[in-house]
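Read off the chains here:
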Amino acid sequence: MPEDKVIVNNLTKKFGDLLVLDDVSFTIGKGEFVCLVGPTGCGKTTFLNLLVKLIEPTAGEILIDGEPADPKRHSLSFVFQEPSAFPWLTVEDNIKFNLRIKKFPKNVIEERTEQMLKLVGLTQQRKLYPHQLSVSAEQRIVIARSFAMFPDLLLMDEPYGQMDIKLRYYLEDEVLRIWRETGSTVIFITHNIEEAVYLSQRCLVMSSKPTTVKTIRTIDLPYPRNVADPAFISIRQEITDMIKWW
Amino acid sequence: MKKTRFDRGNLKYYALSVLSVSLLLLAWFVYSSSANAILSTPMEVIERFAGVIRSPIAGTSLAGHIWASLKRVLTGFIVASAIGIVLGICFGWFETFRDIVWPIFSIIRPIPPIAWIPLVILWAGIGETAKIIIVFIACVMPVVLNTFAGIESADPLLLDAGKVLGANSRQMLLSVALPDSIPTIIAGMKNALSTGWMAVVGAEMVVAREGVGFLIISGMDNLDISLVLVSIVIIACISACLTFILNRMEGVLCPWLKLENK
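Only a predicted model underlies this, so the values are computations on that prediction, with no experimental measurement involved.

Cut-offs and rules
Every chain begins its residue count from 1, and numbering advances along the sequence as written. Going through the entries in the order they are written, you letter the chains from A and number the ligands from 1. Two thresholds apply to this predicted model, a pLDDT of at least 70 for residue-level local features and 80 or more for giving and counting side-chain atom pairs, whereas whole-chain, interface and lining totals are computed over all residues. In computing side-chain properties, one takes all heavy atoms of the structure into account and sets aside hydrogens as well as water. The classification of residues rests on relative accessible area computed with a 1.4 Å probe and restricted to protein chains. Under 20% of the type maximum is buried, over 50% is exposed, and intermediate values are partly exposed. Secondary structure elements are taken from DSSP: a helix is a run of H or I of four residues or more, a strand is a run of E of two residues or more, and numbering for both begins at the N terminus. Two strands are said to pair when DSSP picks up at least two bridges between them. Should any heavy atoms of two residues lie within 4.5 Å, those residues are counted as being in contact. A quick way to say it: buried area is the sum, across both parts, of accessible area lost when two parts are put together, with a 1.4 Å probe. Contacts described as polar in this section are N or O atom pairs within 3.5 Å, which, within protein, must combine one atom able to donate a hydrogen with one able to accept it, while residues neighboring in sequence count only if both atoms come from side chains. Gly falls in the polar group here, along with every residue not listed as nonpolar (Ala, Val, Leu, Ile, Met, Phe, Trp, Tyr, Cys, Pro) or charged (Asp, Glu, Lys, Arg).

(A) Region of the structure containing the pairing of strand 9 (residues 202-206) of chain A. All names here are of chain A. In terms of burial, strand 9 is a largely internal element, 5 of the 5 residues being buried. Both faces of strand 9 are covered, namely the face carrying Arg202, Leu204 and Met206 and the face carrying Cys203 and Val205. Of the pairings in the sheet, the one linking strand 3 (residues 33-37) to strand 9 comprises 4 bridges and is parallel in character. Paired with Val37 across the bridge in strand 9 is Val205. For strand 9 and strand 10 (residues 213-218), the ladder comprises 5 bridges, and the chain directions are antiparallel. Its bridge partner being in strand 10, Arg202 is matched across the sheet by Thr218.

Written out as structure tokens, the structure reads:
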């Protein structure tokens, strides 16, 4: 079992009287790929926003490497549902953005940018602006930008929600490849159970509001996974049954 | 890619533009040729224009008058842009500053720039400074308002992205909010330039010995309608040239917008 990277202790969030997260606790190991699945509107995005301090919890704590989570101190990245590439920056300058913000040495910035451009297949488009590319390519810029600083923790909030199946499959393989190469810890939110089983080493199944962690399912199938494999189908069915409300 | 109605190479747009201007000239010609019209014909205006080029008015050539106005507009505009952008950023980014200064700004904002002329003359005399101050007052409002609006309405998704990536407040402003606001700021500057022209003509009509506004008032005093019309056409042409230059600048400063609209 890898050492703990993220420790979530009794996390609770209320918006007025509305209890969104109720006493959530779990840990994530260093370099682990974890998926969060749960019914739509169960508070998955709220949970990620808490993790990166976009909102403050009502109670509880989130520790990264034993210290309270803080985007300024920790190397965090976030891929939002909508592509969030900066429109005024070219593909390569978008990738360099957080490396520059975090004041990485120039040679490291160049080296990482080249590596990420190659990994997401955008080397030819490096001088183009996001608007000149398709939505999926824009999301790949954001993914490259997020992985470029080899983040301690990368959070992805349904990043492929708007893409068609073919592109999704391609990008899922791509994210696994980058994850393996950079060794980052990834928390990936999705409502697509097949995607969760395909990607993650562990799957956190959330309940409806107020959200709690219903169960944590370890997925020990080898990569690359086969969606038609009976073991794969069986895990997918098991998780589907857990979040079934009908 | 999105196509705008005013795309380059849009033949229909250019053809209709030429048609509408031709119709305006025709209407002008027809009306001014009638017996009771108090308006010079286009031919008389062209002749007067040639006359103004040949013989100086009040000791200054036509180019000298144009340059006098242009200098005032550009000086006022540049100072207003620099101060207006800083002020707009402060309004948009620093809440306490906004809470303190915005009420004062809101009181001053609706006052027409030319209403300040008497006060400015009392404070700064009848020299160049007074006219530049009037232009400044006219230009600064649109720049402040657009910069403020641009910063305040910066895309929340991009702000969140910057925040999560660990940008501090200064980096958030300079690397996210400000670049995101550039198109809005430039729109404000374009607006400022036209209001600056309005103001300079107003100021020159009250007190000046040179400038395009002086030409208008000189034409009015001497019942020289052709000179008034020559001045109006000159103002329109210079404004169009300046807008063209600013549009070009927008293309250089915001290449991503140019590409977006292609």
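(B) Summary view of the interface of chain A and chain B. Each side of the interface is counted separately: chain A has 25 residues, and chain B has 21 residues. Summing both partners gives a buried area of about 2,100 Å² for chain A against chain B, and 74% of it is carried by carbon and sulfur. Ranking the residues of chain A by area buried against chain B places Trp88, Ile101 and His131 of chain A at the top, with a combined share of 30%. Between chain A and chain B we count 1 residue pair in polar contact (both at pLDDT 80 or more) in total. Those elements that place two or more of their residues in the side of chain A that touches chain B are strand 6 (76-79) and helix 2 (91-101) of chain A. Here the residues of the side of chain A that touches chain B are counted per class, giving 14 nonpolar, 5 polar and 6 charged.

(C) The arrangement of the side chain of Asn94 of chain A in detail. All names here are of chain A. Of note, Asn94 is situated in helix 2. According to the relative accessible area criterion, Asn94 is buried, its value standing at 0%. At 2.8 Å, the side chain of Asn94 forms a polar contact with the backbone nitrogen of Phe86. Apart from residues lying up to four places away in sequence, Asn94 is in contact with Ala85, Phe86, Leu89, Pro130, Ile141 and Arg145.

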